[in-house]
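Inside the fold
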Amino acid sequence: MSRVSPELSTLDEPGRSIGLLDVFRRRYLLSLIVRKEVQIRYRGSVLGWMWSYVKPLVQFAVFYVAIGVFLGMNGRVDYFPIYLLAGITVVTFFNEAFSNGTRSLVDNAALIKKIYLPREMFPVASMMIAAVNTLPQIVVVIVIALFFGWAPSLLQIGAILLGLLIVAMLATGLGLFFGAINVTFRDAQSFVEIIVMCAVWASPVMYQWEMVAQAVPEWLFTAYRLNPITIGVELFHYGIWFPLNPQDAFLIPDMWLFAGIAVVTSLVLLIIGQAVFRRLEGRFAQDL
Amino acid sequence: MPKISDTAVAPRVAVRDVHKDFKLRHTHSIKETVLAAVRRRPLTTEFHALDGVSFEIGEGEAVALLGFNGSGKSTTLKMISGVLRPDSGQVLTRGRVAGLIEVGAGFHPDLSGRENIYLNAAILGMTKKETEERFDDIVAFSEIEQFIDTEVKHYSSGMFLRLAFSVAIHTEVDILLIDEILSVGDEPFQKKCLARIRELHAKGKTLVVVSHDLDMVSHLCERGILLKGGKVVFDGDSKEAVALMRR
C-alpha cells in the first residue's frame, strides 16, 4: 500500500455513528419502527386500541378492591384510587420502557447482524413505544380525575410533564446500559426483571411517603427520595391528585430540590448508558 | 493491477491492512465465566478471520470477493457495510453503501407488503420521499402487485424474497454489496436481478459481490480478489482469479 489516494478525507469509516444524535437524525426510520410496533400490538384483535383503556381500568378496579377496601387505604387516603392510578402509570411506563429496551437488541439480532444502523435506535424506540402505550393510561386517570373536579395549575401540568421526562431519560439510559450488556450476558435480562419487580414498591405508589419517613432513619429516607422514579411518581401525584384538594396531603419534603437532582441523575445515567453502549457496540454483530 | 491506478479520483472503498479476530466465547453467563476463570479454563478461543487484508476499489468497479468457506469473504463484506469493525487497520468508504446481505432481515411478517417496503427502505437508509418516488418501480419489479396490501406472512417464500430483493435493489446507493443473493428465486427472476445489477453497474455504481457461483461472478465482475485463510492471495482479472481458485 504505497500509493495513498489524494482525496482520502472524503472517505468515511462505515459503521461509525455519533450515538443518540444519529437516532434523531434518522427520525423517519425511528417513527416507522415505533408506528410498526404500535400497529402490531393489537393487530388481529376486535377491540384493538380499546384494550389499552380496558387494561388500566381493570388494574384500577383490582387495586381499588384489594388495597383500597381490604387493606383499608380508602379510609386513610382521600381519592385513593386516583392516587394509586397516577403512581402506577409512572411505574408501568418505566417498567415497560426499561425491560423492553434491555431486550431490544437481542430481539432485533437478525437486523443488527446484517445491516448497519445506529443501534441506539432500538432502546430509544422501546422507550417511545412504551410512551405511546402509556398515553391511554394517562387519559384514563385524567378523565376520572375530571369527574372529581380536577383543575390543575400550570405548574401542576408542568410537574406531570417533568415526571414523564425524568422517567423517559432514566429508562433510556438504563435500557442502553443493560441492553448492551445483555448482548453478551443474558443475565442482564433477569437482573432487570428483579429491578422492575421492586420498582413499584420502592416508590410511594401503593402507600404514602409519610409511612416510609416514619419507619426508616433520616438518611434512608433521603436515599428513598434520590430514586428518580419516586420523584416521578410524586410529580404525578402533585399534578393529578393534589388538585383535588385531598385532606392531610403533603408534598414529599424538598420535592423540587429532589426533582432537580432526579433530572441530573437521569441525565448522568443516560450519558453513562450511552458511553457503555458505545464501548460494547463494536462486538454486537459478532456476539448476538 | 487493473483500473484503480489510472483513476485520479479517490477510491470508493479502501481496505488497509485489516485484521479481524473472532473470539469464540465458551461462556454465556456470569456464573460460567467465573467458574471458567476459577478453573483456569480459557474463556475464549481466537480465530483469525482476516489477517492483513488490503485493497482499494475504484469508482464504478465490479469486484468479486472469491474464496472457499471461511476464507473471510463475508467478514470483509460486513466490514464494508459497517456491521463489523476491524480490530486493526482501516476500512473506508465513500458515498452511500447498501447491502443485499440476506435481504428481508428487516421484514415483519405482520405488516403488509406496502408497509414492509417503507420500513425496509428506511432501514436501508432511504428517506420517505425517495421511497415514494420508487415505490411503483419496486412493486413492479417484484411482480406481486395484487398482494401488496396482504400481510407478508401469507406470502410464499418466493414472493417474499422477490419483494425483499426488489426493495434492496432500488435503494439509492453508490456502493452495492451483494452476498450470495442471486441464488434465490426462480430462474426468470434471477435473470432479471442479474440484468438489474448489470444496469446499475453500467450506470457507474460500484459493486462488491460474494458468491459461490463462480461462472456468474466472473462474468459479472471484471476484477477478482481471492482470499485464503484471511489473506489476499490474488488480486486481478476475475477469470484468472477463478481459474486460480479452481486449480
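All of these numbers come straight from a predicted model, not from anything done at the bench.

Here we come to the overall build of chain A. Looking only at helices and strands, one finds 14 helices and 0 strands in chain A. Ordering the α and β elements of chain A from the N terminus gives α-α-α-α-α-α-α-α-α-α-α-α-α-α. Oriented by its inertia axes, the alpha-carbon framework of chain A measures out at about 85 × 50 × 35 Å. By residue count, 53% of the 288 residues in chain A fall in the buried class. Considering only intrachain contacts with a sequence separation of at least 6, the fraction spanning at least 24 residues in chain A is 80%. Carbon and sulfur atoms make up 68% of the accessible area of chain A, which amounts to about 13,000 Å² in all. Considering chain A, the positive charge centre built from 20 side chains and the negative charge centre built from 18 side chains are found 11 Å apart.

Core analysis: the biggest nonpolar cluster contains 79 residues, and Leu29(A), Leu66(B), Ile117(B), Phe165(B), Ile169(B) and Leu176(B) have the highest contact counts within it. In terms of residues, this core owes the most to one element, helix 2 (residues 27-41) of chain A, which gives 8 residues. Ranked by size, the runner-up nonpolar core spans 64 residues in total, among them Met73(A), Phe94(A), Leu174(A) and Trp209(A).

On to the side chain of Asn116(B), then. Residue and element names in this part refer to chain B. Its location among the elements puts Asn116 in helix 3 (residues 113-123). On the accessibility criterion, Asn116 (0% relative accessible area) is buried. In this structure, Asn116 is in contact with Gly106, Phe107, His108, Leu111 and Val152, ignoring residues within four places of it in sequence.

Taken together, the contact between chain B and chain A spans 51 residues of the former and 41 residues of the latter. Overall, the association of chain B and chain A removes approximately 3,800 Å² of surface from exposure, summing both partners, and the carbon and sulfur fraction of that is 58%. Counting the surface chain B buries against chain A, the share from its top three residues, Val83(B), Arg85(B) and Ile123(B), is 18%. Across the chain B-chain A interface, the total number found is 1 salt bridge. Here Arg85(B) makes a salt bridge to Glu281(A), at a shortest N to O gap of 3.6 Å. Scanning the region where chain B abuts chain A turns up 5 residue pairs in polar contact (both at pLDDT 80 or more). Put simply, the parts of the chain that give the side of chain B that touches chain A at least two residues each are strand 1 (13-25), helix 1 (30-38), strand 2 (44-57), helix 2 (73-81), strand 4 (88-93), helix 3 and helix 4 (128-142) of chain B. Top element by residues in the side of chain B that touches chain A is strand 1 of chain B. It accounts for 6 residues. Classifying every residue of the side of chain B that touches chain A gives 23 nonpolar, 14 polar and 14 charged.

Next up on the list: helix 6 (residues 187-202) of chain B. Residues and elements named next belong to chain B. With 16 residues, helix 6 extends 22 Å from end C-alpha to end C-alpha; this agrees with the ideal 22 Å at 1.5 Å per step. Three or more residues of helix 6 are buried, namely Phe189, Cys193, Leu194, Arg196, Ile197, Leu200 and His201. What you see down the axis of helix 6 is that its buried residues fit within an arc of 160°, all on one side. Turned more than 90 degrees off the buried face of helix 6, the exposed positions are Glu187, Pro188, Lys191 and Ala202. The inward-facing, buried residues of helix 6 abut strand 3 (62-66), helix 4, helix 5 (157-169), strand 6 (175-179), strand 7 (206-210) and helix 7 (214-220). One or two positions beyond helix 6, positive phi appears at Gly204, with a value near 95°.

Quick notes on the rules
Residues numbered from 1 in each chain as written. Chains lettered and ligands numbered in written order. Predicted model: local features only at pLDDT ≥ 70, side-chain atom pairs only at ≥ 80, totals over all residues. Heavy atoms only, no water. Helix = DSSP H or I, 4+ residues; strand = E, 2+ residues; numbered from the N terminus. Buried < 20%, exposed > 50% of the residue type's maximum accessible area, 1.4 Å probe, protein only. Contact = heavy atoms within 4.5 Å. Areas by Shrake-Rupley, 256 points an atom, 1.4 Å probe, with all protein chains shown as cover. Lys, Arg positive; Asp, Glu negative; His and termini not counted. Charge placed at Lys NZ, Arg CZ, Asp CG, Glu CD. Core = buried A, V, L, I, M, F, W, Y, C linked by side-chain atoms within 4.5 Å. Buried area = accessible area lost by both parts, 1.4 Å probe. Salt bridge = Lys/Arg side-chain N within 4 Å of Asp/Glu carboxyl O. Polar contact = N/O pair within 3.5 Å; in protein donor to acceptor, adjacent residues only side chain to side chain. Nonpolar A, V, L, I, M, F, W, Y, C, P; charged D, E, K, R; others polar. Expected span 1.5 Å × (residues − 1). Arc of directions from axis to C-beta.

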